[in-house]
Amino acid sequence: MIHYLIIDDEPIAHRIIENFSNNLPHLEKVGNCYNAFEAMPFLNQNTVDLLFLDINMPKLSGFDFLKTLVNPPKIIVTTAYKEFALEGYELNISDYLLKPFSFERFVKAINKTINTIEDKNTKSVLHTPETKSDTATGFFIKGNKKHHQIHFEDILFIEAYGHYSKIYLKEEMIISPQKISTLEELLVGFNFIRTHKSFIVAKNKIKQIEGNRILINQYKIPIGQTYKATINTFF
């Protein structure tokens, strides 16, 4: 679990970061500070792995605050001022997010900052039952800070998402800290096929194959060149 602290004088910035972070189960907020002077005692009393740090704050700027830290945690700068990017990287920040930033850009910054350890990730998958058989109906997986029971029949397709995966179900989409290769191992022997380096689809959910793409409901999934021959053997 990565414990993060937000340091920003704008409340709306806190809400945006919190909402984005709630979709990533490896992130856990430990506090909110609205200026550097609030953050100083907080860092002395709490374990923090990652700071989301604004630059333009009253009394003491984010970079001046950063220079006071002897052993700083990982830093992702969040700012509306692109002209300070070079100075930020000279201070060894992990990434520089220019406001307003998208969820996809946020995830990219997290992936760049945090080295995900595969062994830890695989521990968050709970098989049910313990051995694969014709009676297996699904598995449990951690996502959105909960353990979800995923039924094979509900899966439409899975998309690689950096160090994470998006699992598209009939009624929802779950972002999981599992890489697509880990999920592929869970699905061996069941009704799924890899169609692209970034996609696994449920064969019985395919509505149509049209050139180099597969249609499932409203989704269009690409077929990778190296996977074409395998797909042709099934359809």
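I will try to describe carefully the structure that is included in this document. (Residues numbered from 1 in each chain as written. Predicted model: local features only at pLDDT ≥ 70, side-chain atom pairs only at ≥ 80, totals over all residues. Heavy atoms only, no water.)

Here we come to the sheet that holds strand β5 (residues 95–98). Spatially, the five strands line up as an open sheet ordered β2-β1-β3-β4-β5, and their pairing is parallel. Since the sheet does not close on itself, it has two edges, and those belong to β2 (27–33) and β5, each with one partner. Within this sheet the neighbouring strands show an average axis-to-axis angle of 20 degrees, counted without direction. Bridging between strand β1 (residues 2–7) and strand β3 (residues 50–53) involves four bridges; their strand directions are parallel. Paired with Ile7 across the two strands is Leu53, which belongs to β3. (Pairing = 2+ DSSP bridges. Helix = DSSP H or I, 4+ residues; strand = E, 2+ residues; numbered from the N terminus. Axes fitted to C-alpha atoms, helices over the stretch in contact; angles between N-to-C directions.)

In terms of burial, strand β9 (residues 155–161) is largely enclosed, as five of its seven residues are buried. Where β9 and strand β10 (residues 164–169) come together, six bridges link them in antiparallel fashion. Within the sheet, the bridge partner assigned to Ile158 lies in β10 and is Ile167. What sits between β9 and β10 in their antiparallel hairpin is a turn of two residues, with Gly162 showing a positive phi close to 65 degrees. With three bridges joining them, β9 and strand β13 (residues 199–202) adopt antiparallel strand pairing. Each residue of the ladder has a partner; that of Glu159, found in β13, is Phe199. (Buried < 20%, exposed > 50% of the residue type's maximum accessible area, 1.4 Å probe, protein only.)

What follows concerns the pattern of salt bridges. In the structure shown here, the tally under the stated rule is 10 salt bridges. Of the charged contacts in the structure, one is a salt bridge between Lys99 and Glu10, with a shortest N-O distance of 3.8 Å. In this pair, Lys99 is assigned in the loop between β5 and α5 (103–113) and Glu10 in the loop between β1 and α1 (11–21), connecting sequence segments 89 residues apart. Residues Glu18 and Lys29 are paired through a salt bridge, measuring 3.1 Å at the closest nitrogen-oxygen approach. Of the two residues, Glu18 is situated in helix α1 and Lys29 in strand β2; the sequence distance between them amounts to 11 residues. Through salt bridges with shared partners, one network takes in Asp8, Glu10, Asp54 and Lys99. (Salt bridge = Lys/Arg side-chain N within 4 Å of Asp/Glu carboxyl O.)

The next point concerns the sheet that holds β10. Overall, antiparallel pairing links the five strands, which are arranged β11-β10-β9-β13-β12 in an open sheet. Since the sheet does not close on itself, it has two edges, and those belong to β11 (173–176) and β12 (192–196), each with one partner. Sheet twist, expressed as the average angle between the axes of neighbouring strands with direction ignored, equals 20 degrees. In this sheet, β11 lies alongside β10 in antiparallel orientation, the contact comprising four bridges. Pairing of Ile167 across the sheet is with Ile174, part of β11. Contacts from α5 reach β9, β10 and β11, with the element oriented near 60 degrees to β9. Here helix α7 (residues 180–187) sits on the sheet in contact with β9, β10, β12 and β13, set at roughly 150 degrees to β9. (Contact = heavy atoms within 4.5 Å.)

This part is about α1. Listing the buried residues of α1 in full gives Ala13, His14, Ile17, Glu18, Phe20 and Ser21. Projected onto a plane normal to the axis of α1, the buried residues spread over an arc of 165 degrees and lie on a single side. (Arc of directions from axis to C-beta.)

It is worth spelling out the packing of aromatic side chains at this point. Enumeration over the complete set of coordinates arrives at 13 aromatic pairs. Pairing Tyr168 with Tyr219 gives two aromatic rings, centres 5.2 Å apart and planes at 65 degrees, and the pair type is edge-to-face. Placement of the pair is Tyr168 in strand β10 and Tyr219 in strand β16 (residues 219–222), with a sequence separation of 51 residues. For Tyr168, a relative accessible area of 12% corresponds to the buried category. Judged by its relative accessible area of 25%, Tyr219 falls in the partly exposed class. One aromatic cluster in this structure is built from Tyr4, Phe20, Phe52, Phe101, Phe103, Phe106 and Tyr161. The lysine or arginine in question, Lys166, covers the ring of Tyr161, its NZ or CZ lying 4.2 Å from the ring centre. (Phe/Tyr/Trp six-rings, centres within 6.5 Å; stacked < 30°, edge-to-face > 60°. Lys NZ or Arg CZ within 6 Å of the ring centre and 35° of its normal.)

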